[in-house]
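# Structural characterization, general
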Amino acid sequence: MLIRTEIPVDAAGIDRLLRRAFPGGAEADLVQQLREDGLLTLGVVATDDEGGVVGYVAFSPVDIQGEDRNWVALAPLAVDESLRRQGLGEKLVYEGLDSLNEFGYAAVVVLGDPAYYGRFGFKPAAVHDLQCRWPDTEAAFQLFTLSDDALNDASGQVEFSPPFDRF
């Protein structure tokens, strides 16, 4: 198993994994659109011994009240069904967070299960007066800060990239 930054040859394998993991294909279409629009900040893949994609996490830019503060969103995260509950998702998230930290990003937001993402240090975004556009998601909307000053004057609406409008 190898965990690394995605490269162009991974695109088809990522698409297949996302279509298997998320029925309906919306997440696969999202990643494809982010990539085409140049809005994929970071993609991290896990590959098996044959080079097949068995895990993936994507990060894309978000703005706060229309201002670019060097924040990103984590979405989607997928692991092949045969490898779930073995810590692969955790490894992908940690690799992504480490890389983003090295690249100088300030914070990461996610809309997901608080029990799962809380293990990585994500906290409720509402505590910092941050909201996202989707109603009834306050508990699931979470934040992970990568820099000490990430929250300076940061409050209000977190705006995801336009490809997220499909959700």
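Quick caveat: nothing in here was measured; it's all calculated off a predicted structure. (Residues numbered from 1 in each chain as written. Predicted model: local features only at pLDDT ≥ 70, side-chain atom pairs only at ≥ 80, totals over all residues. Heavy atoms only, no water.)

### Quick look at the UniProt feature "domain: N-acetyltransferase" (unreviewed entry) in the chain
- This chain's UniProt record puts "domain: N-acetyltransferase" (unreviewed entry) on residues 1–144.
- The span residues 1–144 is 29% helix and 33% strand, and its two end C-alpha atoms sit 27 Å from each other. (UniProt positions renumbered as here; feature names shortened; annotations may be inferred. Helix = DSSP H or I, 4+ residues; strand = E, 2+ residues; numbered from the N terminus.)

### Quick notes on unusual backbone geometry
- The omega angle of the peptide bond from Ala 75 to Pro 76 is -5°, so this bond is cis rather than trans.
- Its place among the elements puts Pro 76 in strand β4 (residues 67–79).
- Positive phi is not limited to glycine here, since Gln 65 has a value of about 50°.
- For Gln 65, the location among the structural elements is in the loop between β3 (53–64) and β4.
- For Arg 85, which is not a glycine, the phi torsion comes out positive at approximately 65°.

### Remarks on the pattern of salt bridges
- Following the criterion strictly, the structure yields seven salt bridges and no others.
- Among the ionic pairs, Asp 15 bridges to Arg 19, the shortest N-O distance being 2.9 Å. With Asp 15 and Arg 19 both in helix α1 (residues 11–21) and four residues apart, this pair spans about one turn of that helix.
- Its salt-bridge partner being Asp 29, residue Arg 19 comes within 2.7 Å of it at the nearest N-O pair. Of this pair, Arg 19 sits in helix α1 while Asp 29 sits in helix α2 (residues 26–36), placing them 10 residues apart in sequence.
- Residue classification places Arg 19 among the partly exposed residues on the basis of a relative accessible area of 36%.
- Residue classification places Asp 29 among the partly exposed residues on the basis of a relative accessible area of 29%.
- Here the salt bridges do not stand alone but share partners, grouping Asp 15, Arg 19 and Asp 29 into one network. (Salt bridge = Lys/Arg side-chain N within 4 Å of Asp/Glu carboxyl O. Buried < 20%, exposed > 50% of the residue type's maximum accessible area, 1.4 Å probe, protein only.)

### Some thoughts on the side chain of Glu 27
- Counting through the fold element by element, Glu 27 comes out in helix α2.
- Lacking a salt bridge, the buried Glu 27 has Arg 19 as its closest oppositely charged neighbour, with an N-O distance of 8.3 Å.
- Not counting residues up to four positions away in its chain, the partners in contact with Glu 27 are Leu 18, Phe 22, Pro 76 and Phe 167. (Lys, Arg positive; Asp, Glu negative; His and termini not counted. Contact = heavy atoms within 4.5 Å.)

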